[in-house]
Amino acid sequence: MSQLTANDLKEKLKKKLITEKGVEVSTASNKDIYYALASIVNDEIMPKWYETIKRYQDKNLKQVYYLSMEFLIGRLLESNLLNSGLLNIAKEALEDLGFCSELVFAEERDAGLGNGGLGRLAACFLDSLASLYYPGHGFGIRYRYGLFEQRIIHGNQVELPDYWLKEPYPWETRKEEEAFVIQFHGKVHMFKRNDGSLEFKYENTDKVLAVPYDIPVLGYQNEVVNTLRLWSAEPVAYQEAGQEENSEFYHDLDHQHSIEQISGFLYPDDSNYEGKELRLKQQYFLVSSSIQNIIRSFKKNYRLPISRLPEKVVIQINDTHPSLAVPELMRILMDEERLDWDTAWEITTHVLAYTNHTTLSEALETWPEEMIQNLLPRIYMIIDEINERFCKSIWFDHKELRDKIPDLAVIACGRVHMARLAIVGSFSVNGVARIHTEILKKQEMKDFYTLFPNKFNNKTNGITHRRWLLQVNPKLSNVISEAIGTQWIKRPKQLISLLKYSNDKALLEKFDQVKHENKKILANYIHQQTGILVDDQSIFDVQIKRLHEYKRQLLNIFHVIYLYNELKANPNQDVTPRTFIFGAKAAPSYHLAKEIIKLINTVASIVNYDKDINGKLKVIFLENYNVSLAEKIIPAADISEQISTASKEASGTGNMKMMMNGAVTLGTMDGANIEIYDLVGENNIFIFGLNADEVLDYYQNGGYNARDIYNTDDRVRLILDQLNQGEFGIHNIEFKDIFYNILYHNDPYFVLKDFEPYLEAHELAERAYRNRTTWMNMSVTNIAYSGKFSSDQTIREYATDIWKIKQMD
Ligand SMILES: *Cc1c(COP(=O)(O)O)cnc(C)c1O
């Protein structure tokens, strides 16, 4: 841990400002301070980084590599300060120099290199790996444009490009000398060597250089610095690419541009598959550079025969996006390391492990055969061979599954099925919450489970309590530490000791005070962002996540409309004031999701200015939901809306973040909500609606008719008619598409079916909230059990069950 004092830090800051910027403290901007402070932190990090790499090498430890198309890391200055043990003195130093630390931290652009939960999980995992002394590193893509920036204009989502690299990014180091060449297109020629083995030569390939940019990943006050390596696509030097020196300038520029496109932008689809060739290029670009890198490090560091790769290397593939790792590893082992098929296959299937993140059919990745054949001819040959051998093995060894071959084959009906490729080529397949893994085993991947029962296992997601409690909610962290000491910071499960105090009125009051202070801060932010005043004594009811039909923001806003209609009919109702807070980005091509955003904003524009409502109801849509905004909202949440259609949300992690900050979950029996329920018990959570079996039964056997509910429930009919007839809307805005989706597509996500139970859950929650002691008892109980969802726990399970890696001592 760093020995610096606040005074040392002030002196260092002054010196940095002068030597690097030529400014004095008195004239420095927040940005100057940000860069100076980042530079000081880097000075602390660099020697530890070097030491960590050396120690791993000396100890010959097995390494895990986490391959992911997304890393949603957010801002790093504050978390790097926290993990280096400098956060408190940095805050002190900044205040002393007349700066506001929050404003300084806010100078950093979010690294938005992910869409949502999947990318944020990867970021939390890196934090836990380093904090637990595990040799584990991330590989991803350095997109020049991250996830789009969202603006709301006249209620509509508008997307702006996120050029986050416009200004220098202080955490990255370019490592040009460690670049690799990636090859696309071209022809493959096969030769027989003298020993009878086959040699593959590529001709006329398009070569792309993958240049690594390394970002340090700091463990919590433990001297460990692991690496997140992000690849950037660049043209290969002419000589290397075998091109003519004097090709045309404009042709070159065009060529350069098309290469740089590969790491140009992040595809903005969450839980949705987009079959664009550029996306496939991105996937192979990530996989090929990372696997080449892993093999080179293995050979350099361990000096073992390549056949012993599985003893020292394990690769986790985050969803199917990097599943070309299977044929790419085979290619390198056979074509470059000259192993035969069986040996290469034995190694590959002992190195790769696959995490499944969803059972939504629209998310299932399949690529047209010709696209892979044309873009990656050698990789296609290998996939084809994997498929042949796999299908044969079913035919001969699993006769009972013969007629299932079309549903199991890696290549079927002209398409390559990436999940099937990942399952066949990995030694481990895991789901991300208990119910999700069960659904994989019993339904989605039933036949694969019959074939490979030992591959399947569950690893419930987690979140790093360092960022999501210690950093974002210092006040709550202090109250916790005053009550139970500070051991929970290293051992988050010790939060359970809070249970001893869940009836201690004085302490509950302190928790209440902290929550109220956090709500005041958020209320200020809301006012500053939207001009709307919200009552900080009202219930802060929060739904923040990507906008998706299955997440059912629509159910939430229907409930708001219902409350509004009730208040209009009876303005003197005695109700607890409520503030409904939304944050959500929709994929730019997802029409219905954008309509729902527009509906939420339209409802907000009516409710918030209606004098009859008298401030009892407010609706706030905060634009551009990202990690930094989540960090502002979560500490202030009273109610955590986790209301997905049961069976659809694989796990969720937003649910865990809010629980850890004392919000009470109002949700369905879905994903990790079920595990929250099991821990806190029915008295400390509000559960409603269909369960997964009921939903799956309706999907399989029918029996649900949305129109029946429309016809019989006056409250529902009123809302839908208001949408359809433009009554509910200034300027007569209509929401016919939503109306039609519910009534003519039979409400595919059971919004109407769950409407009544949802209202009842809200009524219970409102009543519970009125009794401060009851409520705070619920809140503290949730915090107490939340240690179970620290990603430290999750990572320990991955490490022992799947990766078989050891902590560095
Ligand atoms: C945690 C997080 C998510 C995931 O939220 P869910 O509610 O689990 O879908 C998405 N986006 C951001 C920015 C997050 O921090």
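Everything below is about the structure shown above.
Residues numbered from 1 in each chain as written. Predicted model: local features only at pLDDT ≥ 70, side-chain atom pairs only at ≥ 80, totals over all residues. Heavy atoms only, no water.

## Here's the deal with the overall build of the chain
Then, in step 1: When its secondary structure is counted, the chain shows 34 helices and 25 strands.
Then, in step 2: Expected size for 809 residues packed as a compact globule is a radius of gyration near 28 Å; at 27 Å, the chain falls within 12% of this value.
Then, in step 3: Scored against the burial criterion, the 809 residues of the chain give a buried share of 62%.
Then, in step 4: Nonlocal contacts in the chain, meaning residues at least 24 apart in sequence, comprise 77% of its contacts between residues at least 6 apart.
Then, in step 5: Accessible surface, the chain: about 32,000 Å² in total, of which carbon and sulfur atoms supply 47%. (Helix = DSSP H or I, 4+ residues; strand = E, 2+ residues; numbered from the N terminus. Rg over C-alpha atoms; globule rule 2.2 N^0.38 Å. Buried < 20%, exposed > 50% of the residue type's maximum accessible area, 1.4 Å probe, protein only. Contact = heavy atoms within 4.5 Å. Areas by Shrake-Rupley, 256 points an atom, 1.4 Å probe, with all protein chains shown as cover.)

## Notes on the packing of aromatic side chains
Then, in step 1: In the structure shown here, the tally under the stated rule is 28 aromatic pairs.
Then, in step 2: Judged by centre distance (4.9 Å) and plane angle (40°), the ring pair of tyrosine 704 and phenylalanine 750 falls under tilted. Of the two residues, tyrosine 704 sits in the loop between α28 (692–701) and α29 (706–712) while phenylalanine 750 sits in the loop between α31 (736–744) and α32 (755–770), which places them 46 residues apart along the sequence. Summarising the burial analysis for this pair, tyrosine 704 and phenylalanine 750 share the class buried.
Then, in step 3: Members of the aromatic cluster, connected to one another through ring pairs, are Tyr65, Phe139, Phe180 and Trp231. (Phe/Tyr/Trp six-rings, centres within 6.5 Å; stacked < 30°, edge-to-face > 60°.)

## As for the site of the ligand
Then, in step 1: Lining the immediate surroundings of the ligand are 14 residues, of which Lys545, Lys551, Thr653, Gly654 and Lys657 lie closest.
Then, in step 2: One nitrogen or oxygen atom from the side chain of lysine 551 is found 2.7 Å from an oxygen atom belonging to the ligand.
Then, in step 3: Glycine 654 has a polar backbone atom sitting 3.0 Å from an oxygen atom of the ligand.
Then, in step 4: Tallied by class, residues from the shell around the ligand come to five nonpolar, six polar and three charged. (Near = heavy atom within 4 Å. Polar contact = N/O pair within 3.5 Å; in protein donor to acceptor, adjacent residues only side chain to side chain. Nonpolar A, V, L, I, M, F, W, Y, C, P; charged D, E, K, R; others polar.)

## Quick notes on the side chain of asparagine 293
Then, in step 1: Inspection of the secondary structure puts asparagine 293 in helix α9 (residues 277–302).
Then, in step 2: The contacts of asparagine 293, once residues within four sequence positions are left out, are Phe139, Phe180, Arg229 and Trp231.

## Quick look at the sheet that holds strand β20 (residues 539–544)
Backbone-to-backbone hydrogen bonds join strands into a sheet, with any given pair of strands oriented parallel or antiparallel.
Then, in step 1: On the basis of which strands lie adjacent, the open sheet formed by six strands has the order β22-β21-β20-β23-β24-β25 and parallel pairing. Both outer strands of the open sheet, β22 (617–621) and β25 (686–687), are each paired with one neighbouring strand and no more.
Then, in step 2: Bridge count for strand β21 (residues 578–583) against β22 is five bridges, and the pairing is parallel. Residue arginine 578 lies in a different strand from β22, and its bridge partner there is leucine 617.
Then, in step 3: Packing against the sheet, helix α33 (residues 772–785) makes contact with β23 (639–642), β24 (664–667) and β25, and its axis sits at approximately 90° to β24. (Pairing = 2+ DSSP bridges. Axes fitted to C-alpha atoms, helices over the stretch in contact; angles between N-to-C directions.)

## Some words on the packing of helix α6 (residues 117–131) against helix α34 (residues 791–803)
Then, in step 1: Interaxial distance between α6 and α34 falls to 9 Å at its minimum, and their mutual angle equals 80°. Regarding the angle of α6 to α34, the classification is roughly perpendicular. In contact with Cys124, Phe125, Ser128 and Leu129 of α6, α34 contributes Ser791, Asp792, Thr794, Ile795, Tyr798 and Trp803.
Then, in step 2: Of the residues contributing to the contact of α6 with α34, the split by class is six nonpolar, three polar and one charged. (Parallel < 35°, antiparallel > 145°, perpendicular 65-115°, else oblique.)

## Let's talk about the pattern of salt bridges
Where charged atoms from two side chains of opposite charge come close, those side chains can pair.
Then, in step 1: This structure, assessed with the given rule, holds 48 salt bridges.
Then, in step 2: The partner of lysine 31 in a salt bridge is glutamate 107, with the nearest N and O atoms 3.7 Å apart. Here lysine 31, found in helix α2 (residues 30–59), pairs with glutamate 107, found in the loop between α5 (101–105) and β3 (111–113); they are 76 residues apart in sequence, far enough to count as distant.
Then, in step 3: The exposure class assigned to glutamate 107 is partly exposed, which follows from its relative accessible area of 26%.
Then, in step 4: For lysine 31, the salt bridge goes to glutamate 167, with nearest N and O atoms at 3.2 Å. Residue lysine 31 is located in helix α2, and its partner glutamate 167 is located in the loop between β6 (156–162) and β7 (173–174); the two are separated by 136 residues in the primary sequence. (Salt bridge = Lys/Arg side-chain N within 4 Å of Asp/Glu carboxyl O.)

## Digging into a nonpolar patch on the surface
Then, in step 1: There is a patch of nonpolar side chains on the surface, built from Met190, Leu198 and Met381 and spanning about 260 Å² of accessible area.
Then, in step 2: With respect to the secondary-structure elements, leucine 198 resides in strand β10 (residues 198–203). (Patch = residues over 30% accessible without salt bridge, like charges linked within 9 Å, V, L, I, M, F, W, Y side chains within 5 Å.)

## Remarks on the pairing of β24
Then, in step 1: Of the two faces of β24, the one holding Val664 and Leu666 and the one holding Thr665 and Gly667 are both buried throughout.
Then, in step 2: As judged from the two bridges shared by β24 and β25, these two strands associate in the parallel manner. Within β25, the residue paired with leucine 666 across the bridge is phenylalanine 686.
Then, in step 3: Where the polypeptide runs from β24 across helix α27 (residues 673–680) and back to β25, its parallel neighbour, the crossover connection is right-handed. (Right-handed = clockwise from strand over helix to strand, strands pointing away.)

## Brief notes about the sheet that holds strand β16 (residues 411–412)
Then, in step 1: Judged by pairing direction, the sheet is antiparallel, and its three strands sit side by side in the order β15-β17-β16 without closing on themselves. Strands with a single pairing partner mark the edges of an open sheet, and in this sheet they are β15 (366–368) and β16.
Then, in step 2: Where β16 lies against strand β17 (residues 415–417), two bridges are found, and the strand directions are antiparallel. By the bridge assignment for β17, isoleucine 411 is matched with valine 416.

## A word on unusual backbone geometry
Then, in step 1: Unusually for a residue other than glycine, asparagine 204 sits at a positive phi of about 55°.
Then, in step 2: By secondary structure assignment, the location of asparagine 204 is in the loop between β10 and β11 (206–218).

## Regarding the environment of phenylalanine 148
Then, in step 1: Within the secondary structure, phenylalanine 148 sits in strand β5 (residues 146–153).
Then, in step 2: Taking the C-alpha atoms as reference, phenylalanine 148 lies 25 Å from phenylalanine 735; in sequence the two are 587 residues apart.
Then, in step 3: The residues touching phenylalanine 148, leaving out its near neighbours within four places in the chain, are Gln157, Glu159, Leu160, Asp162, Pro268, Lys585, Ala586, Pro588 and Asn624.

## Quick look at α28
Then, in step 1: Those residues of α28 that fall on the buried side of the exposure criterion are Ala692, Val695 and Leu696. The buried residues of α28 occupy an angular sector of 95° when projected down its axis, which confines them to one face. For α28, the exposed residues set more than 90 degrees away from the buried face come down to Asp693 and Asn701.
Then, in step 2: As for α28, its buried residues are in contact with α17 (434–444). (Arc of directions from axis to C-beta.)

## Observations regarding the environment of alanine 93
Then, in step 1: Take alanine 93: it is sitting in helix α4 (residues 87–96).
Then, in step 2: When the C-alpha atoms of alanine 93 and arginine 120 are compared, they prove to be 31 Å apart, with 27 residues separating the residues in sequence.
Then, in step 3: In this view, alanine 93 contacts Ala6, Leu9 and Lys10; residues no more than four positions away in its chain are not counted.

## So, the side chain of lysine 551
Then, in step 1: With respect to the secondary-structure elements, lysine 551 resides in the loop between β20 and α23 (553–569).
Then, in step 2: One polar contact links lysine 551 to tyrosine 550, side chain to side chain, over a distance of 3.4 Å.
Then, in step 3: Apart from the residues lying within four places of it in its own chain, the contact partners of lysine 551 are Gln543, Lys545, Arg546, Ile643, Ser644 and Glu649.

## Re the environment of aspartate 162
Then, in step 1: Tracing the sequence through the fold places aspartate 162 in strand β6.
Then, in step 2: Taking the relative accessible area as the measure of exposure, aspartate 162 reaches 8% and is therefore buried.
Then, in step 3: Sequence-wise, aspartate 162 and isoleucine 386 are 224 residues apart; in three dimensions their C-alpha atoms are separated by 40 Å.
Then, in step 4: Excluding anything up to four places from it in sequence, aspartate 162 contacts Arg109, Arg144, Tyr145, Gly146, Leu147, Phe148 and Glu149.

## Focus: the pairing of strand β12 (residues 225–235)
Then, in step 1: With respect to burial, β12 is a largely interior element, 10 of its 11 residues being buried.
Then, in step 2: Two elements, strand β4 (residues 136–141) and β12, share four bridges in a ladder whose sense is parallel. Following the sheet pairing, glycine 140 is matched in β12 by leucine 230.
Then, in step 3: Linking two consecutive strands that pair antiparallel, namely β11 and β12, is a turn of six residues; a positive phi of about 45° is found at glutamine 221 within it.

## What to know about helix α24 (residues 591–607)
Then, in step 1: Under the 1.5 Å per step criterion, the end-to-end length of α24 is 24 Å for 17 residues, consistent within 8% with the ideal 24 Å.
Then, in step 2: Most of α24 sits out of view: 14 of its 17 residues are buried. (Expected span 1.5 Å × (residues − 1).)

Don't take any of this as a statement about function, it's just geometry.
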